[in-house]
Amino acid sequence: MTKGDVPVAAFDILNDTLTAGNHFSFVNRSTGDGCSYVWSTPGAEVEEFTGTNAVAIYHKVGTYSVTLTASNSFGSSSVTRQVTVCESAPDTRFKLSKT
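Overview of the structure. Keep in mind the model is a prediction, meaning the values are calculated, not measured.

Reading guide: rules and limits
- Residues numbered from 1 in each chain as written.
- Predicted model: local features only at pLDDT ≥ 70, side-chain atom pairs only at ≥ 80, totals over all residues.
- Heavy atoms only, no water.
- Helix = DSSP H or I, 4+ residues; strand = E, 2+ residues; numbered from the N terminus.
- Buried < 20%, exposed > 50% of the residue type's maximum accessible area, 1.4 Å probe, protein only.
- Contact = heavy atoms within 4.5 Å.
- Pairing = 2+ DSSP bridges.
- Axes fitted to C-alpha atoms, helices over the stretch in contact; angles between N-to-C directions.
- Phe/Tyr/Trp six-rings, centres within 6.5 Å; stacked < 30°, edge-to-face > 60°.
- Lys NZ or Arg CZ within 6 Å of the ring centre and 35° of its normal.

1. Brief notes about the overall build of the chain
Helix and strand counts for the chain stand at 0 helices and 8 strands. Tracing the chain from N to C terminus, the helices and strands come up as β-β-β-β-β-β-β-β. Among the 99 residues that make up the chain, the fraction classed as buried is 28%. Sequence-distant contacts, at least 24 apart, represent 55% of the contacts inside the chain between residues at least 6 apart.

Next comes the structure, spelled out in structure tokens:
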């Protein structure tokens, strides 16, 4: 029988508050050998990712949970963190005309 460790899921969020339509970036900091990863991002444009790192785009204002599950042959662990999507600033561009 092989002895090993259950992974410990962990991740960083590069910026946990952004305006609607921007990309949140999640950087995996999990520990454990031979892991596979599943990211759950309910409310995002794509709600589930597999892979080491992930990005998510949210189009509606609110607070959303992001969960990373790290699994290997010895077990799995999950961690959940939150991101906040705030309203975009109004477009203040204008054109000057000669009158």
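2. Remarks on the sheet that holds strand β1 (residues 11-13)
One open sheet holds the 3 strands; their spatial order is β1-β3-β6, and the pairing between them is antiparallel. At either end of the open sheet lies a strand with only one pairing partner, and these are β1 and β6 (54-57). Neighbour-to-neighbour, the strand axes of the sheet open up by a mean angle of 25°, direction not taken into account. As judged from the 3 bridges shared by β1 and strand β3 (residues 23-28), these two strands associate in the antiparallel manner. Residue pairing in the sheet places Asp-12 in a bridge with Val-27 of β3.

3. Some remarks on the packing of aromatic side chains
Evaluation of the coordinates by the stated rule reveals 5 aromatic pairs. Centre to centre, the rings of Phe-11 and Trp-39 are 5.1 Å apart; their planes meet at 75°, and the pair counts as edge-to-face. Of this pair, Phe-11 sits in strand β1 while Trp-39 sits in strand β4 (residues 36-40); the two residues are 28 residues apart in sequence, bridging distant segments of the chain. Arranged with centres 5.9 Å apart and planes meeting at 25°, the rings of Phe-26 and Trp-39 form a pair that is stacked. Residue Phe-26 is located in strand β3, and its partner Trp-39 is located in strand β4; the two are separated by 13 residues in the primary sequence. Judged by its relative accessible area of 0%, Trp-39 falls in the buried class. Among the aromatic residues, those joined into a ring-pair cluster are Phe-11, Phe-26 and Trp-39. Above the ring of Phe-11, the side-chain terminus of Arg-81 is found at 5.7 Å from the ring centroid.

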